[in-house]
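# Structural description and commentary
What follows is the residue order along each chain.
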Amino acid sequence: MSQPPTADTDGERPWDRSPGGVSIELYPIAVLTAALRLFRLGAESYWLDEVVSVTLVTSNTPYELLVSVPGNDPHPPLYFLLLSGWMAIFGTSESAARLLSALVGVATVLVLYAIGRRLFDREVGAIAAALVAVSPFHVWYSQEVRMYNLLALLTALSFYWFVRIHRERADETDVRDDIWYVVATVLLGYTHVFGLFAILAQNLYVFSRPVVRIVPRSRLTLRRWIALQGITALLLSPWLVRLFRRTMVAHAGETSNVSWIPLPTAETVRQTFAAYLGGYLFGESLPILVSLVVAACLVLALSGDRWTTARNRGAAESDRGAASSDRGTAAATDHGDVPVNGVYAVVLWFVVPILVPIAVSHVVAPIFVDRYSIGASLAFFLLIAIGVRTLSRPTLRYVIVGVLLVGLVAPLPTYYEEDQKEQWREAAAAVESNVDGDDVVLVSRPFAEGPFSFYFDRSNATVVRIDSDASVDEIRASVDGYDDVWVVLSYTDSSTEQRILEAVAERPDYRGPVAEKRYNGITVFGFERTSSNG
């Protein structure tokens, strides 16, 4: 008598996996994720922050990046060390440098799938991964030479191993799970200060177990958890000491390199959620339908029996999956190995890295920027997936997911067709094609000098940096003895721009501006020396 097909260790039917052992739904998600992040990867020039990253890495040794640079740069050194090794192999071109972030972005989607699947089921993992795959917010930062996508990946990895160390069954992998958790979490702390808020969310989950009844018991004892956190803190101590000193300086009111950050308000929170959904590209016209669907999914995720533990829900889902053919696949049975309240853990993951830094901003100094919360955005999309999964009718779930995917994809053509970053390569090329050795280029400090000089061949003309508060006499003195004058302005207000231009134009030996060209975030003006004085 033949035996019926048996599920593998993950509760799947044999045909749910490819020959390579990977869940079949991961292939299209991974291909889509990679395609969106690699498409036109090097089409745009570096913008200001990217130039800072590239310049920092190319002008410092790995030892200096590890020891000296963190004293001046507000970010920990891990990303810059990785970028240094990466560019040593692949070069400093836009495509080469951004490829690191693109690959990290692909890995982030795959890890998020694994978290959703382990805490809930394959469908939650697939929906969350698909949403992040097409998210304009994540595509944007997957094509940028900054540490934000690495922050997202390491946040996801830390939470993945956080879930793993709650497993009920004790076996020979216990120590390895602990080690991987510490490794991922320490690397997270050395990537960005907002990684510490993700660690705080994990601690709130564990230490709330004695008082929050919905949090189940697990083999992760408080003693073991405190030991893991002690090791993590010890390994992070060199950076934590520097961070503490910097915090004290900021609290004392001294100017810091993050003083440009505005004080967050309720509108900041709304704009952050809008950014997750493509608000950078939609502006103020974020589709109402998408917003309503997202809000409904979040409400569904926070209500109903999803607050039960994965351990108890896993058995129930398996029973329903066996009895109902419209589920598509049986729920994973490995949930019995993960006694974690999934919704509670994800809510903390989402809320803490947003609300705590906002509170710190009002008590100490402003530190909240939407891109810094990219780790929390993963929990945001995971909650949406949880909400969709609560719907009993598969057809309705497919429709909702379709609406969300279309809504997220809608702004991507604009993203790809139009330059979104500052066009320093184009601005420098335009000036370079019109100057000679007798001309001078005035570049506004501090934000224009770095990116313009990165693309401009300084042997073609003299470049003079001027402060935005430079006096009229200082501006006029900077053009003495030169023929044509080119003024490159960025991050300057209209009054400063007018003052600089008038200081040059009011000299009797110059005429203009005879040329004016505006790029994304940059304005270039040209003044011509009169022939009578040439």
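Here's what I pulled together on the structure shown here. Model, not experiment: these values are computed from the prediction.

Our next topic: the overall build of the protein. Check the secondary structure of the protein and you find 23 helices and five strands. Relative to its 534 residues, the protein shows a buried fraction of 53%. When contacts within the protein are restricted to residue pairs at least 6 apart in sequence, long-range pairs at least 24 apart make up 77% of them. Carbon and sulfur atoms make up 62% of the accessible area of the protein, which amounts to about 23,100 Å² in all.

With that settled, the discussion passes to the nonpolar core. Counting 137 residues, the largest nonpolar core has Val 441 and Phe 452 as its most contacted members. Apart from residues lying up to four places away in sequence, Phe 452 is in contact with Trp 424, Ala 427, Ala 428, Val 431, Val 441, Val 443, Val 463 and Val 488.

An order of 2-1-3-5-4 is seen for the five strands of this open sheet, with the pairing classed as mixed. The open sheet terminates on both sides in strands that have one partner only, identified here as strand 2 (462–466) and strand 4 (510–519). Neighbour to neighbour, the strand axes of the sheet diverge by 20° on average, direction disregarded. Here strand 1 (residues 440–444) runs beside strand 3 (residues 485–489); their pairing, made up of four bridges, is parallel. Following the sheet pairing, Val 443 is matched in strand 3 by Val 488. Its contacts with the sheet put helix 20 (residues 424–432) on strand 1, strand 3, strand 4 and strand 5 (522–529), and the angle it makes with strand 5 is roughly 5°. Contacts from helix 23 (residues 494–505) reach strand 1, strand 2, strand 3, strand 4 and strand 5, with the element oriented near 10° to strand 5.

Below, the discussion takes up the packing of helix 17 (residues 374–389) against helix 18 (residues 394–409). Helix 18 packs onto helix 17 with a crossing angle of 150° between their chain directions and a minimal axis gap of 9 Å. If you check the angle between helix 17 and helix 18, you find them roughly antiparallel. Contacts between helix 17 and helix 18 involve Phe 381, Ile 384, Val 388 and Arg 389 on the former and, on the latter, Arg 397, Ile 400, Val 401, Leu 404 and Leu 408. For the contact of helix 17 with helix 18, the class distribution of residues is seven nonpolar, no polar and two charged.

So, about the pairing of strand 4. Two strands pair when backbone bridges link them, and strand 4 and strand 5 are joined in this way by seven bridges, in the antiparallel orientation. Following the sheet pairing, Arg 511 is matched in strand 5 by Glu 528. Hairpin connection from strand 4 to strand 5: two residues lie between these consecutive antiparallel strands, with Gly 521 at a positive phi of about 75°.

To describe a pair of aromatic rings, one takes the distance between the centres and the angle between the planes. A full pass over the atoms with the stated rule returns 31 aromatic pairs. Between Phe 273 and Tyr 276, the ring centres sit 6.2 Å apart and the planes meet at 45°, which makes this aromatic pair tilted. Linking Phe 273 with Tyr 276, this pair stays in helix 12 (residues 266–276), spanning three residues, or about one helical turn. By relative accessible area, Phe 273 is classed as partly exposed at 28%. Relative to Phe 456, the ring of Phe 452 lies with its centre 4.9 Å away and its plane at 20°, an arrangement referred to as stacked. Take Phe 456: its relative accessible area is 5%, and that puts it in the buried class. Three or more aromatic residues link up through ring pairs in this structure, and these residues are Phe 137, Tyr 141, Tyr 148, Phe 194, Phe 197, Phe 273, Tyr 276, Phe 350, Phe 368, Tyr 372, Phe 380 and Phe 381. Directly above the ring of Tyr 519 sits Lys 517, whose terminal nitrogen or CZ lies 5.7 Å from the centroid.

The next subject is the environment of Arg 507. By the element assignment, Arg 507 lies in the loop between helix 23 and strand 4. Here the alpha-carbon distance between Arg 507 and Arg 476, two residues 31 residues apart in the chain, equals 7.6 Å.

Bringing the side chain of Glu 25 into the picture now. Here Glu 25 shows up in the segment before helix 1 (26–38). Of note is the side chain of Glu 25, whose polar atom sits 2.4 Å from the side chain of Arg 122.

Quick look at the packing of helix 6 (residues 122–134) against helix 17 now. Viewed as axis vectors pointing N to C, helix 6 and helix 17 meet at an angle of 135°, and their least axial separation amounts to 8 Å. In terms of their interaxial angle, helix 6 and helix 17 are classed as oblique. The crossing of helix 6 and helix 17 is right-handed. Judged by residue contacts, Glu 123, Val 124, Ile 127, Ala 128, Leu 131 and Val 132 of helix 6 engage Leu 378, Phe 381, Leu 382, Ile 384, Ala 385, Ile 386, Val 388 and Arg 389 from helix 17.

Rules used throughout
Residues numbered from 1 in each chain as written. Predicted model: local features only at pLDDT ≥ 70, side-chain atom pairs only at ≥ 80, totals over all residues. Heavy atoms only, no water. Helix = DSSP H or I, 4+ residues; strand = E, 2+ residues; numbered from the N terminus. Buried < 20%, exposed > 50% of the residue type's maximum accessible area, 1.4 Å probe, protein only. Contact = heavy atoms within 4.5 Å. Areas by Shrake-Rupley, 256 points an atom, 1.4 Å probe, with all protein chains shown as cover. Core = buried A, V, L, I, M, F, W, Y, C linked by side-chain atoms within 4.5 Å. Pairing = 2+ DSSP bridges. Axes fitted to C-alpha atoms, helices over the stretch in contact; angles between N-to-C directions. Parallel < 35°, antiparallel > 145°, perpendicular 65-115°, else oblique. Nonpolar A, V, L, I, M, F, W, Y, C, P; charged D, E, K, R; others polar. Phe/Tyr/Trp six-rings, centres within 6.5 Å; stacked < 30°, edge-to-face > 60°. Lys NZ or Arg CZ within 6 Å of the ring centre and 35° of its normal. Polar contact = N/O pair within 3.5 Å; in protein donor to acceptor, adjacent residues only side chain to side chain. Left-handed = near helix turned anticlockwise from the far one by under 90°.

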